Amino acid sequence: MDLEGKRIVVVGGSRGLGKGLVEAFVARAADVTVVARNTDAVQGAGEQTAVTAISADATDADAAWRIMDQTRPDIVIMNAGAEPPMERIDRISWEAFTTNWNVDVKAALHWVQAALTLPMTPGGIVVLVSSGAAVQGSPLSGGYAGAKRAQWFIAKYAEALSEKLGLGLRFRVIVPRQMFAGTGVGDTGITAYAAAAGRTYAEQAATWPDMTPRAFGDTVADLIGKTDLAEAMVYAVRGDTGVTVIE
């Protein structure tokens, strides 16, 4: 897939990995729309890169349908998510435990439903950005790992329904299998696990491969451009091993 001129919506694209994805798509001359909750952050992204910026809550079903209808994207990247509350399993409250279910999973469901029901144009791709926690767990972040795995199931259910209805849509999962220093979720996790291990932040961060959000974005953009994500449903991305197929 040549990304030049492709209409791409990045939900949660004003900072962290989302911003890296936006920068990578813009560098490939895509027509990018950034959706983020923080108006200032959205405007900042719009000033820094050639994008259309829309301020909206990713968990708002009406916003998902409205933006999908307005933009009619070729590709949707679902990167929106909450920073997980970090606490031991015997101490975490139910409200904190379900934080990522109420944000990450809820947002994924609404945007996938909009893609299926409008529907997107045949050949369209919806990518859910999950987490390595969905593979190996994350004992200090409550329900985060389960929520990120639930996104896989949403993608699988949507893919099966698309095939049944003859919609011609693909639903895929990208799994960053490392923490990223300098991002909200990454810094939250690195700080908590450093404290638990008796390490400094820098020592804990050094246990992960070196990969910037922009490098992550370039890797994902190249993967989409070269493969159309037709080879598999779930792909892992990591700084030292690049892209590997999970399933």
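Preceding block: the structure.
This section reports on the structure supplied with the text. (Residues numbered from 1 in each chain as written. Predicted model: local features only at pLDDT ≥ 70, side-chain atom pairs only at ≥ 80, totals over all residues. Heavy atoms only, no water.)

**Quick look at helix H7 (residues 144–165)**
Threshold: Each helix is a run of H or I in the DSSP string that is no shorter than four residues. Each strand is a run of E no shorter than two, and both are numbered from the N terminus. Multiplying 1.5 Å by the residue count of a helix minus one yields the expected span of that helix. Exposure is judged per residue with a 1.4 Å probe applied to protein chains only, and the accessible area is read against the type maximum: over 50% gives exposed, under 20% gives buried, and values in between give partly exposed. Here, residues are in contact when the closest pair of their heavy atoms is within 4.5 Å.
With 22 residues, H7 ought to run about 32 Å at 1.5 Å a step, and its terminal C-alpha atoms sit 32 Å apart, in line with that. For H7, every residue scored as buried is listed here: Tyr144, Ala145, Ala147, Lys148, Ala150, Gln151, Trp152, Ile154, Ala155, Ala158, Glu159 and Ser162. Looking at the packing, one finds that the buried side of H7 touches helix H5 (99–117), strand E5 (125–129), helix H6 (133–136), strand E6 (170–176), helix H8 (184–197) and strand E7 (234–238). Once H7 ends, the next one or two residues include Gly166, with phi positive near 70°.

**Description of unusual backbone geometry**
Note the cis peptide between Leu118 and Pro119, where omega equals -15°. Relative to the helices and strands, Pro119 resides in the loop between H5 and E5. The backbone of Ala29 shows a phi angle near 65°, a positive value even though the residue is not glycine. With respect to the helices and strands, the residue Ala29 is situated in the loop between helix H1 (16–27) and strand E2 (31–36). The phi torsion at Asp228 lies on the positive side, around 60°, for a residue other than glycine.

**Examining the sheet that holds strand E1 (residues 7–11)**
Put simply, the rule is: Note: two strands are recorded as paired if DSSP finds a minimum of 2 bridges between them. Lines are fitted to the C-alpha atoms to define the axes, a helix being fitted only along its stretch in contact, and any angle between axes, read from their N-to-C directions, falls within 0 to 180 degrees.
On the basis of which strands lie adjacent, the open sheet formed by 8 strands has the order E3-E2-E1-E4-E5-E6-E7-E8 and mixed pairing. This sheet does not close on itself; its edge strands, each paired only once, are strand E3 (51–55) and strand E8 (242–245). Direction aside, the axes of adjacent strands within the sheet are offset by 20° on average. Looking at chain direction, E1 and E2 are connected through 5 bridges and run parallel. Paired with Ile8 across the bridge in E2 is Val32.

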